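Fold and geometry: a report
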Amino acid sequence: QVQLVESEGGSVQAGGSLRLSCTVSGRTFSDYGMAWFRQVPGKEREFVARITWDGSVTRYLDSVKGRFTISRDNAKNTVYLQMNSLKPEDTAVYYCAIDRSARAVYKSNYYVDQDVYEYWGQGTQVSVSS
């Protein structure tokens, strides 16, 4: 059984920082790409960041580039999302997700599609106040 367990989010003021983590069990973590998505009420879940199975390639939503960093520690089966210079518009429930296919390489920006990912974390609330 594959499980993704996310750390608690939190509440910060604008300009602050938070780090989210997501630990995976039940799958050979080092063979799978990982991603973070976020969702606000009434809107579709939105791609935020992705990292390949070996950590060599990362991709970001334009609005978080330069502020967020996705990383992974394959020895700990954990993916991280470091969020700096947070803005009120970053407020959302954040979800981690793991690829359906091992060692997947996607053309274009197909990786932003939720269907690329097979399992999801429970979601964690991040709130940024102005």
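Structural data are supplied above this passage.
My aim in this report is to walk through the structure given alongside it, one point at a time. (Residues numbered from 1 in each chain as written. Predicted model: local features only at pLDDT ≥ 70, side-chain atom pairs only at ≥ 80, totals over all residues. Heavy atoms only, no water.)

From N to C terminus, the protein includes zero helices and eleven strands. Mapped from its N terminus to its C terminus, the protein presents α and β elements in the order β-β-β-β-β-β-β-β-β-β-β. Counting only C-alpha atoms, the protein reaches 40 × 30 × 30 Å along its principal axes. Looking at the protein residue by residue over its 130 residues, the buried ones come to 43%. Sequence separation of 24 or more characterises 60% of the internal contacts of the protein that already satisfy a separation of 6 or more. Total accessible area computed for the protein in this model is approximately 6,700 Å², and 43% of it derives from carbon and sulfur atoms. Seen as two clouds, the 15 positive and the 14 negative side-chain charges of the protein have centres 4 Å apart. (Helix = DSSP H or I, 4+ residues; strand = E, 2+ residues; numbered from the N terminus. Buried < 20%, exposed > 50% of the residue type's maximum accessible area, 1.4 Å probe, protein only. Contact = heavy atoms within 4.5 Å. Areas by Shrake-Rupley, 256 points an atom, 1.4 Å probe, with all protein chains shown as cover. Lys, Arg positive; Asp, Glu negative; His and termini not counted. Charge placed at Lys NZ, Arg CZ, Asp CG, Glu CD.)

The subject of this paragraph is the pairing of strand β3 (residues 18-25). Relative to β3, strand β1 (residues 3-6) is paired through four bridges, and the arrangement is antiparallel. The residue bridging valine 5 from the neighbouring strand is threonine 23, located in β3. Here six bridges tie β3 to strand β8 (residues 78-83), and the two strands are oriented antiparallel to one another. Paired with serine 21 across the two strands is tyrosine 80, which belongs to β8. (Pairing = 2+ DSSP bridges.)

This next bit is on the pattern of salt bridges. Summed over the entire model, instances satisfying the criterion amount to seven salt bridges. A salt bridge links arginine 38 to aspartate 90; the nearest nitrogen and oxygen atoms lie 3.0 Å apart. Of this pair, arginine 38 sits in strand β4 (residues 34-39) while aspartate 90 is found in the loop between β8 and β9 (92-99), placing the two residues 52 residues apart along the sequence. Residues arginine 38 and aspartate 90 agree in their burial class; the two are buried. Between arginine 50 and aspartate 99 there is a salt bridge; the shortest N-O distance is 2.8 Å. Of this pair, arginine 50 sits in strand β5 (residues 46-51) while aspartate 99 sits in strand β9, and the two are 49 residues apart along the sequence. Across this residue pair, the class does not change: arginine 50 and aspartate 99 are buried. Salt bridges linked by common partners bring Arg38, Glu46, Arg67 and Asp90 together as one network. (Salt bridge = Lys/Arg side-chain N within 4 Å of Asp/Glu carboxyl O.)

Function cannot be read off these values alone, since they describe shape.
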